[in-house]
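Per-entry structural report
In case you want the letters, here they are:
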Amino acid sequence: MPSEPLDHRLFDCVQVNLAELADRLHGDGTHLALGRVLRFWPRPGADGLPTVEPRVDAHVTESATLLGMRVTRRERVAGADGLEPGPGCYVVADAYHLPWVPYFHEQHLEHSFLVEPAEDGVTVVDGYHNDTQWGAARPGRWTLGHAEFAEALPEGALTFDLVADGSATERTPLVELADAGSFVATYADHPDRVRALRGLTLQTWLLTRSRRLHAAAMELDTDAVRAHLAEWDALAKQVYLASRRVSAGREEPRALFPRLAECFAADHTAFGGIVEITATSTVDTAEVPVEVRESVTSVIGTVLGTEPPAGAGALGEIPGFSSFRMMEIVERIESDLGVEFAAEDLVPEKLTHVDGLCRAVLAAGGTR
């Protein structure tokens, strides 16, 4: 594998600490072995909705094998006293109780970390990188006293001991993509739209990360693949926006599910043979009234702490901008200007540009 630093943004919360451990055992760049497999095999999930999220045991076992590691012990422990901190101690527990992640006392989900011995306690190593509505998760090391660590595992945990087992030099891609028609249709037709879009937010986040990891592992760095990955990124953001809006009792964008189906269809081309993909912009370049632009940039400045530089269009390069800040900007514009954006305008291509936001305001009947 190429010797490259670990990009934590490529991994989900179960994979990332296996990737950390593999690089320790086999050297920098080993983590990319995890990306040679790209699989779309959804399984039944909650509320009758399919999921691409693997079960933890299967996820850990397959990932360890890809990374040249082997599980020597797997045990469900009742609490922190059942753990054996050490160089291969890998733990999965409920993020709701973990004080170093933004899900602490906010959301229940399975989350991994490594545990090392420390004087009068343990050191937790967690490489997870993600932006959430409750704040940012970033890679780090945290030392917890014995009592504090016990409080983090009130319901116990699933623990694995992992050791090096051979190497992780296999580079042959394994791409297994099932037909996505029923997956898309189930989410599109589910009667509980709040649950469906909340679930699809996680699904598109996982699907996007897995494709970025596969592209990095296989060194697929063409214009076509980059454009396809950008489309998955944009779709994931649009799903999040739609979820927030539907949860607030507002209209759902009609074009969301055809776009999801197109992303799945394009996977076969992007990862099985390269063709040209032309990225297009949905932002109208006609003149925007000065008063509308000033109102929009003022809101952006309030949310992000700094207004876009004069002449700037895209917001992605402004420090602190993210999908969550994008949603705050939309909601603040609607509140301050007394408008409601059309569901079809809730796409990242518009909402990550000053002009796009201005045009959404005009389309909603704002100051002309």
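The model shown is predicted, which means the values in this text are computed figures rather than measured ones.

**Notes on the overall build of the protein chain**
If you tally the helices and strands in the protein chain, you get 11 helices and 12 strands. Taken over C-alpha atoms, the radius of gyration comes to 22 Å for the protein chain, in line with the 21 Å a tight globule of 368 residues would show. Per-residue burial for the protein chain yields a buried fraction of 50% across its 368 residues. For the protein chain, the proportion of contacts with a sequence separation of at least 24, taken over those separated by at least 6, is 73%. Here the protein chain displays about 16800 Å² of accessible surface, and carbon together with sulfur accounts for 49% of that area. Within the protein chain, one finds 32 positive and 56 negative side-chain charges whose respective centroids are separated by 3 Å.

**As for the sheet that holds strand β11 (residues 157-164)**
Strand order in this open sheet of 6 strands is β4-β11-β5-β6-β7-β10, and the pairing throughout is antiparallel. Single-partner strands in this sheet number two, and they are β4 (69-77) and β10 (140-145). Direction aside, the axes of adjacent strands within the sheet are offset by 30° on average. Pairing of β4 with β11, which is carried by 8 bridges, proceeds in the antiparallel orientation. Note that in β11 the partner of Val 77 across the bridge is Ala 157. The sheet contacts of helix α1 (residues 15-26) involve β4, β5 (89-94), β6 (110-118), β7 (121-126), β10 and β11, and relative to β6 the element is tilted by about 40°.

**Quick word on the pattern of salt bridges**
By the definition in use, this model includes 23 salt bridges. The partner of Glu 116 in a salt bridge is Arg 141, and the shortest N-O contact between them spans 2.9 Å. One end of the pair, Glu 116, is in strand β6; the other, Arg 141, is in strand β10, with 25 residues separating them in the sequence. Overall, Glu 116 belongs to the buried group, its relative accessible area being 14%. With a closest N to O distance of 3.2 Å, Glu 251 and Arg 254 form a salt bridge. Given a relative accessible area of 46%, Glu 251 falls into the partly exposed group. A cluster of three or more residues bridged by salt bridges with shared partners is formed by Arg 24, Glu 116 and Arg 141.

**Observations regarding the confidence of the model for the protein chain**
In the predicted model, the protein chain carries a mean pLDDT of 87, and the fraction of residues at 70 or more is 90%. Averaged over each element, pLDDT in the protein chain is lowest for helix α10 (residues 348-351) (68) and highest for β5 (97). The low-confidence segment residues 273-285, where pLDDT is below 50, has 22 contacts with residues more than four positions distant or belonging to other chains.

**Brief notes about the packing of helix α8 (residues 290-304) against helix α11 (residues 354-363)**
Between α8 and α11, whose axes approach to 9 Å, the crossing angle comes to 115°. With respect to the hand of their crossing, α8 and α11 are arranged in right-handed fashion. Listed contacts from α11 to Val 292, Arg 293, Val 296, Thr 297 and Ile 300 of α8 are Val 354, Asp 355, Leu 357, Cys 358, Val 361 and Leu 362. Residues that form the contact of α8 with α11 fall into these classes: 8 nonpolar, 1 polar and 2 charged.

**Some thoughts on unusual backbone geometry**
At His 105, a position not held by glycine, the phi torsion is positive, near 60°. Structurally, the position occupied by His 105 is in the loop between β5 and β6. By relative accessible area, which is 48% here, His 105 ends up partly exposed.

**What about the packing of helix α5 (residues 193-217) against helix α6 (residues 223-247)?**
At a minimum axis separation of 9 Å, α5 and α6 run at an interaxial angle of 160°. Looking at the two axes, α5 sits roughly antiparallel to α6. Both α5 and α6 take part in a crossing whose hand is left-handed. Of the residues contributing to the contact of α5 with α6, the split by class is 15 nonpolar, 5 polar and 5 charged.

The rules behind these values
Residues numbered from 1 in each chain as written. Predicted model: local features only at pLDDT ≥ 70, side-chain atom pairs only at ≥ 80, totals over all residues. Heavy atoms only, no water. Helix = DSSP H or I, 4+ residues; strand = E, 2+ residues; numbered from the N terminus. Rg over C-alpha atoms; globule rule 2.2 N^0.38 Å. Buried < 20%, exposed > 50% of the residue type's maximum accessible area, 1.4 Å probe, protein only. Contact = heavy atoms within 4.5 Å. Areas by Shrake-Rupley, 256 points an atom, 1.4 Å probe, with all protein chains shown as cover. Lys, Arg positive; Asp, Glu negative; His and termini not counted. Charge placed at Lys NZ, Arg CZ, Asp CG, Glu CD. Pairing = 2+ DSSP bridges. Axes fitted to C-alpha atoms, helices over the stretch in contact; angles between N-to-C directions. Salt bridge = Lys/Arg side-chain N within 4 Å of Asp/Glu carboxyl O. pLDDT = per-residue confidence, 0-100. Left-handed = near helix turned anticlockwise from the far one by under 90°. Nonpolar A, V, L, I, M, F, W, Y, C, P; charged D, E, K, R; others polar. Parallel < 35°, antiparallel > 145°, perpendicular 65-115°, else oblique.

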